[in-house]
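Next come the chains, spelled out residue by residue.
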Amino acid sequence: MRPTFLAATLAALTLPATAFAQTACGGDFSSFIADAKAEAVANGADPATADRFFAGLRQDPAVLRADQAQGVFQKPFIEFSRHLISENRINRGRAMAEKYDAVFDRAESEYGVSRGVLLAFWAFETDYGAIQGDFNTANALATLAHDCRRPELFRPQLFAALELFERGEFDPATTTGAWAGEIGMVQMLPRDIIENGVDGDGDGDVSLKTSAPDALLSGAKMLQSLGWRAGEPWLAEVTLPQDFNWSQTGLETSKPITEWQAMGVYPRNGPLAEGLTASVLLPQGRGGPAFIAYPNFRVYFEWNQSFTYVMTAAYFATRLEGAQVFDAGNPQPGLSGDAMKTLQRKLQAKGYDVGDVDGILGSGTRAAVRAEQARLGMPVDGWPTPELLNNL
């Protein structure tokens, strides 16, 4: 399965049951569609247009199967990044950077987003536009809005698709994309297209499926809207001394660069960014690669909530801009998917909120691991190991 930014977000996203109760979902699908159409009309949609939009919507079981097939996100960072980053993908990225040089210059000048960041999104989402998904978008959105796991996310997107249909920019019968309703080369949801779509090629239309300038500039505008800071880095590899205070690592701790330098943090690819605050991240614990994450790194989580996927996308962006291959080090063995689920159940039993028991090392699980490492007198590096599991 091709992982997408939104798919990773959906895999990690959990919300309280009260949120479900506030958004209509479930029950007979035909009745659900009728209710959604009535709500759209009540909110100002043209009744005839709403009739045409909702008339052909069907529930798609393949969407629900894809939603539940997220095992790829159980892979640790080193394995996951090597799976997604190939020499061919790097070379193609550099070729695309040259081909669309003026577009990337515009993205940086107008929205402050570096070309490596956009290239990495483009590569991971659709392999530079080659694989955009063949799910019927309207059916996917209707199916996920009807499903009672995240209706508060997808019901508004269904109405946004109707808005695009009213504008003549969306065909519910023929528009296709990823299983989670994303459209185009950088995989954006309908509401994001409405709010951040850019006519990059000047033809009067915003076409994220066929126009690379439209897609890239729309992605850049969306990142800017999410808080991307122009002219600042996002991630860099570093080396750490053996006596480093591991408990200071993780996104929970942010310090000025000068303080990290005083603690012995040293860059592998050029100087550290003076004047910024940052966090030191160990995606596979103290024995594996180490990175320093600047404020822009946190913007990735506004688009995606999978730590491993965000780390890989941000790292790939640095590679596309000339950074060397990370030093994998010698991390301690991690946990298999089943062992990670066992760990999550044990942590839940101790009162930690780890989200779903899904075998994925998300932010809740990582925070609980750090707390238990501290309690047990182990190095607090956030990396769950068989030793930790045995000690629990």
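Residues numbered from 1 in each chain as written. Predicted model: local features only at pLDDT ≥ 70, side-chain atom pairs only at ≥ 80, totals over all residues. Heavy atoms only, no water.

J.: How should I be thinking about the sheet that holds strand S7 (residues 290–293) in this particular structure?
T.: To summarise the sheet geometry, strands pair through backbone hydrogen bonds and adopt either a parallel or an antiparallel arrangement. Ordered in space as S4-S6-S7-S3-S5, the five strands form an open sheet in which the pairing is antiparallel. Where the open sheet ends on each side, the last strands, each with one partner, are strand S4 (255–256) and strand S5 (266–267). Relative to strand S6 (residues 277–281), S4 runs antiparallel, the two sharing two bridges. Following the sheet pairing, Pro256 is matched in S6 by Thr277. Against the sheet, helix H15 (residues 295–303) makes contact with strand S3 (235–239), S6 and S7, and its axis sits at roughly 65° relative to S6, the strand it touches most. (Pairing = 2+ DSSP bridges. Helix = DSSP H or I, 4+ residues; strand = E, 2+ residues; numbered from the N terminus. Contact = heavy atoms within 4.5 Å. Axes fitted to C-alpha atoms, helices over the stretch in contact; angles between N-to-C directions.)

J.: How should I be thinking about a negative patch on the surface in this particular structure?
T.: Together, Glu169, Asp201, Asp203 and Asp205 line one region of the surface with negative charge. Relative to the assigned elements, Asp205 resides in the loop between helix H12 (190–196) and helix H13 (212–225). Accessibility expressed as a relative area gives 48% for Asp205, which makes it partly exposed. (Patch = residues over 30% accessible without salt bridge, like charges linked within 9 Å, V, L, I, M, F, W, Y side chains within 5 Å. Areas by Shrake-Rupley, 256 points an atom, 1.4 Å probe, with all protein chains shown as cover. Salt bridge = Lys/Arg side-chain N within 4 Å of Asp/Glu carboxyl O. Lys, Arg positive; Asp, Glu negative; His and termini not counted. Charge placed at Lys NZ, Arg CZ, Asp CG, Glu CD. Buried < 20%, exposed > 50% of the residue type's maximum accessible area, 1.4 Å probe, protein only.)

J.: In this structure, what is going on with the nonpolar core? I would like to understand it.
T.: Grouped burial of nonpolar side chains is what soluble globular proteins tend to show. Counting residues in hydrophobic clusters, the biggest one holds 93 residues, and the most contacted among them are Phe54, Trp122 and Tyr300. Among the elements that make up this core, the one with the highest residue count is helix H16 (residues 307–320) (ten residues). Setting aside residues up to four positions removed in sequence, Trp122 forms contacts with Met96, Tyr100, Phe104, Asp127, Tyr128, Gly129, Met185, Val186, Ala212 and Leu216. Of all hydrophobic cores here, the second largest spans 17 residues; its members include Ala236, Val265, Ala278 and Ile292. (Core = buried A, V, L, I, M, F, W, Y, C linked by side-chain atoms within 4.5 Å.)

J.: For this particular structure, what's the right way to read the layout of surface pockets?
T.: In this approach, a probe sized like a water molecule rolls over the atoms, and the result shows the empty space that is left. The volume enclosed by the largest pocket comes to roughly 540 Å³. Contributions of two or more residues to the lining of the largest pocket are made by helix H1 (5–12), S6 and helix H18 (363–375). Here the element with the most residues in the lining of the largest pocket is H18; it accounts for six residues. Among the residues making up the lining of the largest pocket, the classes are represented as twelve nonpolar, twelve polar and seven charged. (1 Å grid on protein atoms, 1.4 Å probe; cavity = no way out; pocket = protein on both sides within 12 Å on 5 of 7 lines; lining within 4 Å. Points joined across faces, edges and corners; volume = space filled by probe spheres on them. Nonpolar A, V, L, I, M, F, W, Y, C, P; charged D, E, K, R; others polar.)

J.: Help me understand the packing of helix H9 (residues 115–126) against H13 in this model?
T.: Between H9 and H13, the least distance of the axes is 10 Å, while the angle of their chain directions is 115°. Considered as vectors, H9 and H13 are oriented roughly perpendicular to each other. Between H9 and H13 lies a crossing of right-handed hand. Between H9, through Val117, Leu118, Phe121 and Trp122, and H13, the contact on the second element is made entirely by Ala212, Leu216, Gly219, Ala220 and Leu223. Split into classes, the residues belonging to the contact of H9 with H13 amount to eight nonpolar, one polar and no charged. (Parallel < 35°, antiparallel > 145°, perpendicular 65-115°, else oblique. Left-handed = near helix turned anticlockwise from the far one by under 90°.)

J.: I tried to follow the pattern of salt bridges on my own but got confused; where do I start?
T.: Where charged atoms of side chains with opposite charge meet at close range, the side chains can pair. All told, the structure shown has 18 salt bridges when counted by the stated rule. A salt bridge links Arg229 to Glu232; the shortest N-O distance between them is 3.0 Å. A relative accessible area of 36% means that Arg229 is categorised as partly exposed.

J.: Sorry, what's going on with the state of the cysteines here?
T.: Two cysteines form a disulfide when their sulfur atoms are joined by a covalent bond. Counted by the stated rule, this structure contains one disulfide. The side chain of Cys25 participates in a disulfide bridge whose partner is Cys148; the two sulfur atoms lie 2.1 Å from each other. One disulfide, between Cys25 and Cys148, carries an S-S torsion of 110° and so falls in the right-handed class. Here Cys25 is found in the loop between helix H2 (17–21) and helix H3 (29–42), whereas its partner Cys148 is found in the loop between helix H10 (137–146) and helix H11 (151–166), with 123 residues between them in sequence. The exposure class of Cys25 is partly exposed, given its relative accessible area of 22%. Take Cys148: its relative accessible area is 32%, and that puts it in the partly exposed class. (Disulfide = S-S within 2.5 Å.)

J.: Where do I start with the side chain of Glu237 in this structure?
T.: Position of Glu237 relative to the elements: it lies in strand S3. What makes Glu237 buried here is its relative accessible area of 4%. A polar contact is formed between the side chain of Glu237 and the backbone nitrogen of Asp327, at a distance of 2.8 Å. Not counting residues up to four positions away in its chain, the partners in contact with Glu237 are Pro267, Arg268, Asn269, Ala290, Phe291, Gln324, Val325, Phe326 and Asp327. (Polar contact = N/O pair within 3.5 Å; in protein donor to acceptor, adjacent residues only side chain to side chain.)

J.: Looking at this model, I keep getting lost on the pairing of S3. Mind explaining?
T.: Every other side chain in a regular strand lies on the same face of the sheet, so the side chains alternate between the two faces. Within S3, four of the five residues are buried, leaving the element largely enclosed by the surrounding structure. As defined by bridge partners, S3 adjoins S7 across four bridges and the pair is classed as antiparallel. When the bridges of S7 are listed, Glu237 appears paired with Phe291.

J.: Even after reading the chapter, I still don't get H18, so can you show me in this structure?
T.: An α-helical turn contains 3.6 residues, so any two residues separated by three or four positions project in the same direction. Over its 13 residues, H18 runs 18 Å from end to end, which matches the ideal 18 Å to within 8%, given 1.5 Å per residue. Along H18, the residues that are buried comprise Thr365, Arg366, Ala368, Val369, Arg370, Glu372 and Gln373. Following H18 by one or two positions, Gly377 has its phi on the positive side, about 75°. (Expected span 1.5 Å × (residues − 1).)

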